[in-house]
Structure formats: structure tokens, C-alpha cells
Amino acid sequence: MPNPTVHIIATGGSIAGVGPDRMDYIRYPEIGDHLTIDQNLARVPEIAENFNVIAEDMVSVGSTAIGPANWIALAERIHAIDRDEPDTAGIVITHGTATLEETAYFLHLTVKTQRPVVITGAMRPPTSISTDADLNLLDACRIAATPESAGMGVLTVLNNQIQCARDVYKSNTLRVETFKPNELGFLGYADSDHRVVFYHRPYRKHTVDTPFRVDGMTDLPRVDIVHAYAGADGMLIDAVRAHGSAGLVVAGFGAGTFPPTFIAAAEAAVAGGMPVVLASRSSAGRVVMTPRKDEQGFIVSDNLMPQKARLLLMLGLTVSSDRDTLQQMFYEY
């Protein structure tokens, strides 16, 4: 039986980072040098032994430089691969960890394929002692080539743990176990016996079951995030309104409470026609609708963290500006 074909799209990030010496774990992002994907693959000959690899460098940057234009380009490239390479088992994207969760969720909502799409990165560059880059890349190829990964939406893998793009977030600045699945649990393992094993499936709609289509777009509606803090007033919300942003996510305390002058400014933004989503600074749990929030005209984020709520609102605004329609999206996706 021939080896399965995996198509790898590289975008840079720590998984391709080049440090000044083997003891460096923190300076390499400032240096900014990156390996090509072919150089990454040369470090892990086991990948070529087990997979037929097609590889390309789309960009070579730290993920702090990745945003909507790159997301759209990635979605379009995935669609082209899906259309033109019928024998490809799955697609792997290498990415910096800073915004990996955002790129993953964007693709989870926009790519129209049942084929596995797996995003991976690294917390330690390939040039460092005990790098996680090599194993994460191998694991991503294994998951992309596994038939059981199909129809799961976009998946991420670092530290052997397979996560759903909707739920995953970066929880630690430096540790290799940084990516967590909120409180709901990760999906499975790319494990030490070389098996890919799943125990859960994503429930919320994704990929082919969403209305979001971005092929041909060059940008997305601008949505900003403003975090609440003790004593916060409406200055930053007013600045977002003055800038003419299309929408706003406000990150509050606990289940969605805010300082009085802060929430008054957010209510004024709603009255002025701006969609405003209430999210939480907390890393787990839901923000739920109440009669008061409903009367004020807000949208609630359910359990999406602010950075994910922003993405869904950006995409939602490409479909509708109706508040009820947008709210339903937060319940479904």
C-alpha cells in the first residue's frame, strides 16, 4: 500500500525559528530567521519514510504578523488543494503559537472540506535543546493522514494532544503543554505507540456546515476587543466607535459584568448601530443572556473567549448585521 499523501503549508513561527545557540528559547523571535519547510522536514526523515509529502512555504513570519489577509489566503489555498489534489489525505499547516488558536478557528469556520486540516507549531525552536518542533510536525502528519480525522473540522496538535480549533487556547507563555481545551477536554492523542486515537468529537457546527465563504475577499470587517478592568470607563469604547469599527467585543468580569461607565459606553455603541458582544476575561464558562442584556441589545459570546468571539463576529458580519441572526451564530458555531 502506498504511503498517504500529506500537503504541508508552512507559515513560519517558532516551529521554524532559528536561535543563536542551543540554549536559546527566548531570543529567536527577535532575530526573526526561519527554516524553510524543506529544512524542517530534513530534520525528521521519518516523515518522508511514512508519508508522500508535498510541501510549500506560504509565508515565513512570526505569527504576531499574521492576520485577516493571511487567513483568507490560507483558506483559498486549502480550497485549491482540496479541488486539485484528490489523492491528498490531509493538510498540515505549520504556524507560530502566538495566534495559532485564531488562525485555527478562522479556518474551522471557513474551509469547505471534510478533509483533515491540522495546525501545529512549537514552543521551542528547532535549534534548541529538547525542541518540540520535530515531534509536533510528525504528529500533525500522522493526524492529517488518519481517516478518523475527516469531518472533525480543523484540529490542532502540540504535546501529542489533539484539540478542536474552536476550544483550544494558549495558556502558558513558555511551557510545551501550553495549549488547553478550555474546560471541555481535548479530543485525543497522537500517542507514543504511533497510533492516533480519538475519544470525543466536536459538536458545534464547522467547515461545510457554516455559511461563511471568504474566497475572493481581501479583508474582513474590523472588530475590536476592549477589556474591562477595575475602574475602567468608556474611553476605549468611545475610541473604537470614533474609528468607525464594524463591531466590538467587550471582555468583562466573570459571567459578563462590567464597571458602570464602561457598560454605559457599550450600550451607547449598540444604540448607535454597532454590534457589541459580551465576553469574559475568564478562561472557562459561558456568558449567558439575561433580560437586562437583551433589553440593552447586546449579543452574548456563550463560552467563546474574546479573541474567538471577535473572529466569529467578523465572519458573521459578512453574512448579516441582524442582531438575532448574529446571536444565533454564537449558539451554533
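Residues numbered from 1 in each chain as written. Predicted model: local features only at pLDDT ≥ 70, side-chain atom pairs only at ≥ 80, totals over all residues. Heavy atoms only, no water.

*Asks:* Please give an account of the pairing of strand 6 (residues 161–164) that cites residues and values.
*Replies:* Because side chains alternate across strand 6, one face comprises the buried residues Gln161 and Gln163, and the other comprises Ile162 and Cys164, equally buried. Pairing between strand 5 (residues 154–158) and strand 6: four bridges, direction antiparallel. Its bridge partner being in strand 6, Leu158 is matched across the sheet by Gln161. With antiparallel pairing between neighbouring strands as the criterion, strand 5 and strand 6 make up a hairpin whose turn holds two residues, including Asn159 at a positive phi of roughly 60°. Bridge analysis of strand 6 against strand 9 (residues 188–190) gives two bridges, and the strand direction is antiparallel. Across the sheet, the residue bridging to Ile162 is Gly188, located in strand 9. (Buried < 20%, exposed > 50% of the residue type's maximum accessible area, 1.4 Å probe, protein only. Helix = DSSP H or I, 4+ residues; strand = E, 2+ residues; numbered from the N terminus. Pairing = 2+ DSSP bridges.)

*Asks:* Tell me what's going on with the pairing of strand 1 (residues 5–12), and back it up with residues and numbers.
*Replies:* Of all eight residues making up strand 1, eight are buried, and the element is well covered by its neighbours. As judged from the seven bridges shared by strand 1 and strand 2 (residues 52–61), these two strands associate in the parallel manner. Looking at the pairing, His7 lines up with Ile54 of strand 2.

*Asks:* With reference to specific residues and values, describe the nonpolar core.
*Replies:* One broad trend across soluble globular proteins is that nonpolar side chains are buried collectively. Residues Phe106, Leu107 and Leu312 are the most contacted members of the largest nonpolar core, which totals 44 residues. With near-sequence residues (within four places) excluded, Phe106 lies in contact with Trp71, Ile72, Ala75, Val214, Leu220, Leu311 and Leu315. One finds Cys141, Ile143, Ala144 and Ala145 within the second-largest nonpolar core, a separate group that totals 28 residues. (Core = buried A, V, L, I, M, F, W, Y, C linked by side-chain atoms within 4.5 Å. Contact = heavy atoms within 4.5 Å.)

*Asks:* Break down the packing of aromatic side chains for me, citing the residues and quoting the values.
*Replies:* Throughout the structure, instances matching the rule amount to five aromatic pairs. Ring plane angle 70° and centroid distance 5.4 Å describe the contact between Phe212 and Tyr333, whose orientation is recorded as edge-to-face. Note that Phe212 is positioned in the loop between strand 10 (196–198) and strand 11 (223–227) and Tyr333 in the segment after helix 11 (323–332), a separation of 121 residues in sequence. Relative accessible area serves as the criterion here: at 7%, Tyr333 is assigned to the buried category. Their ring planes at 5° and their centres at 5.6 Å tell us that Phe258 and Phe262 sit as a pair that is stacked. Each member of the pair, Phe258 as well as Phe262, carries the same accessibility label: buried. Grouped by ring-pair contacts, the aromatic residues Phe186, Tyr189 and Tyr199 constitute a single cluster. For Lys308, the ring lying beneath its charged end belongs to Tyr105, and the centroid distance is 5.5 Å. (Phe/Tyr/Trp six-rings, centres within 6.5 Å; stacked < 30°, edge-to-face > 60°. Lys NZ or Arg CZ within 6 Å of the ring centre and 35° of its normal.)

*Asks:* I'd like to hear about helix 10 (residues 306–316), residue by residue, with values.
*Replies:* Burial analysis of helix 10 places ten of its eleven residues in the buried class, which makes it a mostly covered element. When we look at burial in helix 10, the residues that qualify are Pro306, Lys308, Ala309, Arg310, Leu311, Leu312, Leu313, Met314, Leu315 and Gly316. As for helix 10, its buried residues are in contact with helix 4 (68–84), helix 5 (100–110), strand 11, strand 12 (247–252), strand 13 (276–280) and helix 11.

*Asks:* Quick rundown of unusual backbone geometry? Include the residues and the values.
*Replies:* With the exception of glycine, most residues fall at negative phi, and the peptide bonds are largely trans. Unlike most non-glycine residues, Asn160 shows phi in positive territory, near 70°. Turning to its location among the elements, Asn160 is positioned in the loop between strand 5 and strand 6. Judged by relative accessible area, which is 21%, Asn160 ranks as partly exposed. Even without a glycine there, the phi angle at His194 is positive, about 75°. Along the chain, His194 turns up in the loop between strand 9 and strand 10. Residue His194 is classed as exposed on the basis of its relative accessible area of 68%.

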